[in-house]
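Spelled out, the chains give:
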Amino acid sequence: MASLYVEALIRADLDELWERTQEPALHQRWDLRFTEIAYLPADAPGEPRRFRYATRVLPFLTIAGTGVSAGEKRRPDGTRTSALRFASPHPLSLLAEGSGYWRYVPRGDGDGVRFLTGYDYRPRWGRCGALADRFVLRPLMGWATAWSFDRLRLWLERGISPRRGLAGALGEVVVRALVVVAAGLLAGPVAGVVSGSGSGPYSGAMSGPVSGPVPGLVAALVVAVLACAVPPLPTTPAARRCLRTPPASVRAPRLLDRLTAPADRLTGPADGVTAPADAVTALTDRPATSTGHPALPEEQHA
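Q: Could you give an account of the overall build of the chain, naming the residues involved and the relevant values?
A: Each helix and strand counted, the chain has six helices and nine strands in total. In the chain, buried positions account for 44% of the 302 residues. Contacts in the chain between residues far apart in sequence, at least 24 positions, make up 63% of those at least 6 positions apart. Surface accessibility of the chain: about 15,600 Å² in total, with carbon and sulfur atoms responsible for 62%.

Q: Please give an account of the pattern of salt bridges that cites residues and values.
A: As enumerated under the stated definition, the model contains 16 salt bridges in all. Arg107 is the partner of Asp109 in a salt bridge, and the nearest nitrogen-oxygen pair spans 3.3 Å. Across the pair Glu157 and Arg153 runs a salt bridge whose closest N-O atoms are separated by 2.9 Å. Taken as a pair, Glu157 and Arg153 lie in helix H3 (residues 126-158) at a separation of four residues, close to a single helical turn. Since its relative accessible area comes to 29%, Glu157 is described here as partly exposed.

Q: Tell me about the pairing of strand S1 (residues 4-10), and please be specific about residues and values.
A: The buried count for S1 comes to six of seven residues, which makes it a mostly enclosed element. Direction of pairing for S1 relative to strand S7 (residues 113-123): antiparallel, over a ladder of seven bridges. The residue bridging Leu4 from the neighbouring strand is Tyr119, located in S7.

Q: Break down the sheet that holds S7 for me, with residues and values.
A: In space, the seven strands of this open sheet follow the order S1-S7-S6-S5-S4-S3-S2, with antiparallel pairing throughout. Because the sheet does not close on itself, it has two edges, and the strands there are S1 and strand S2 (36-39). With strand direction ignored, the average angle separating the axes of adjacent strands in the sheet is 20°. Where helix H1 (residues 14-22) meets the sheet, it contacts S1, S2, strand S4 (61-72), strand S5 (80-87), strand S6 (95-106) and S7, and its direction lies at approximately 170° from that of S6. Across the face of the sheet, H3 comes into contact with S1, S6 and S7 while running at roughly 160° to S7.

Q: Please give an account of a nonpolar patch on the surface that cites residues and values.
A: Taken together, the side chains of Leu32, Leu140, Trp143, Leu166 and Leu170 present a nonpolar region at the surface, about 440 Å² in accessible area. Secondary structure elements with two or more residues in the nonpolar patch: H3 and helix H4 (162-194).

Q: Which residues make up the packing of aromatic side chains, and what values do they have?
A: Under the criterion given, the structure shown has nine aromatic pairs. Ring geometry for Phe51 versus Tyr53: centroids 6.4 Å apart, planes at 40°, classification tilted. Classification of Tyr53 by relative accessible area gives buried; the value is 9%. Across from the ring centre of Trp155, 4.2 Å away, lies the NZ or CZ of Arg20, which sits over that ring.

Q: Mind laying out the side chain of Gln22, listing which residues take part and the relevant values?
A: Locating Gln22 in the fold gives a position in helix H1. Gln22 gets classed as buried once you look at its relative accessible area, which sits at 17%. Look past the residues within four positions of Gln22 in its chain and what remains in contact with it is Tyr39, Ser82, Trp102 and Tyr104.

Q: Give me the confidence of the model for the chain: which residues, what numbers.
A: Residues with a pLDDT of 70 or more make up 74% of the chain, whose mean pLDDT is 78. Confidence, read as mean pLDDT per element, is least for helix H6 (residues 278-281) in the chain (32) and greatest for H3 (96). When the criterion is pLDDT under 50, residues 261-302 qualifies, and its contacts beyond four places in sequence or with other chains add up to 110 contacts.

Q: Explain H3 residue by residue, including any values.
A: Between its first and last C-alpha atoms H3 spans 44 Å; for 33 residues at 1.5 Å apiece the expected length is 48 Å, and the two agree. Asp133 marks where H3 bends most, by close to 55°.

Q: Which residues make up the nonpolar core, and what values go with them?
A: Judged by nonpolar contacts, the single largest core of 22 residues is most densely connected at Ile10, Leu17, Trp30, Tyr104, Phe115, Phe149 and Leu152. Those elements giving two or more residues to this core turn out to be S1, H1, helix H2 (24-30), S6, S7 and H3. In terms of residues, this core owes the most to one element, H3, which gives six residues. The residues touching Trp30, leaving out its near neighbours within four places in the chain, are Arg20, Thr21, Trp102, Phe115, Ser148, Phe149, Arg151, Leu152, Trp155 and Pro162. In this structure, Leu4, Leu95, Leu137 and Met141 belong to the second largest nonpolar core, which totals ten residues.

Q: Give a detailed account of the packing of H1 against H3, specifying residues and quantitative values.
A: Running from N to C, H1 and H3 cross one another at 135°; their axes reach a closest spacing of 11 Å. The angle between H1 and H3 places the two elements in the oblique class. In this structure, H1 meets H3 at a crossing whose hand is right-handed. Contacts from Glu16, Leu17, Arg20 and Thr21 in H1 reach Leu152, Trp155 and Leu156 in H3. Taken together, the residues that form the contact of H1 with H3 break down as four nonpolar, one polar and two charged.

Q: So what's going on with unusual backbone geometry? Which residues, and what values?
A: Of note, Trp125 is a non-glycine position whose phi angle comes to about 75°, a positive value. Tracing the sequence through the fold places Trp125 in the loop between S7 and H3.

Here is what the cut-offs are and how they apply
- Residues numbered from 1 in each chain as written.
- Predicted model: local features only at pLDDT ≥ 70, side-chain atom pairs only at ≥ 80, totals over all residues.
- Heavy atoms only, no water.
- Helix = DSSP H or I, 4+ residues; strand = E, 2+ residues; numbered from the N terminus.
- Buried < 20%, exposed > 50% of the residue type's maximum accessible area, 1.4 Å probe, protein only.
- Contact = heavy atoms within 4.5 Å.
- Areas by Shrake-Rupley, 256 points an atom, 1.4 Å probe, with all protein chains shown as cover.
- Salt bridge = Lys/Arg side-chain N within 4 Å of Asp/Glu carboxyl O.
- Pairing = 2+ DSSP bridges.
- Axes fitted to C-alpha atoms, helices over the stretch in contact; angles between N-to-C directions.
- Patch = residues over 30% accessible without salt bridge, like charges linked within 9 Å, V, L, I, M, F, W, Y side chains within 5 Å.
- Phe/Tyr/Trp six-rings, centres within 6.5 Å; stacked < 30°, edge-to-face > 60°.
- Lys NZ or Arg CZ within 6 Å of the ring centre and 35° of its normal.
- pLDDT = per-residue confidence, 0-100.
- Expected span 1.5 Å × (residues − 1).
- Bend = angle between axes of the 7 residues up to and from the residue.
- Core = buried A, V, L, I, M, F, W, Y, C linked by side-chain atoms within 4.5 Å.
- Parallel < 35°, antiparallel > 145°, perpendicular 65-115°, else oblique.
- Left-handed = near helix turned anticlockwise from the far one by under 90°.
- Nonpolar A, V, L, I, M, F, W, Y, C, P; charged D, E, K, R; others polar.

The following block contains the structure:
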């Protein structure tokens, strides 16, 4: 199964981008994949940080998990990297465990920062889970990641708050849906006019090749396609603005090697449930890259 990769060019200060992606209270504001993110008590200064995350799937259902992360804020090439491993013991979570990274690459011309991520995970529920992941969860996760990255970009570049960005996106969805519904409702009357239905000396005069409901349905279909194809407003987050294919010259981040916490450390006080042992060991069973790291969407050279 292909790993996930998303990249966005964000024209903002590197330190500000780092803060809004590394501080849990700020991160959870723009990332559609999470409802809550919080650090757990640190074991010792300088050690990788443990965290808890939660996603509200339904008003009455919240799926939580825990993980461990580490970051490199100062690198010789001027880039920054953070990496994490995560797991969810919740039986209703299709996502069992995984790992990934973020990379911050300032452009040489000073025109912003390439903010990119690569991650992969192991689904549960056997063959049924694999099928559900391939056709539902993985495409949804890729879209949500890209949409969230553009939401973050608008927050940093234009000052559009995450809440305002979400409201704008929902408003556009409602407008597009209304246009499609209106086109469908008008298809019947239009078809009747074109077919020459009704009374009068000219009723049926237009009957022939264009008679019947076909022209009206075609018109409605064209309007519906246009309503979906029109690009979002520049102030509305859009996943299509992000790169979803990794570049050719890549390598896996070495920072992931530091994140090999035992299974009992992936349990936070808010969970009360210990993650299964394979939540942290299964990653080592994945096919490795030529560098010996787990096969993830790989980190690009600076």
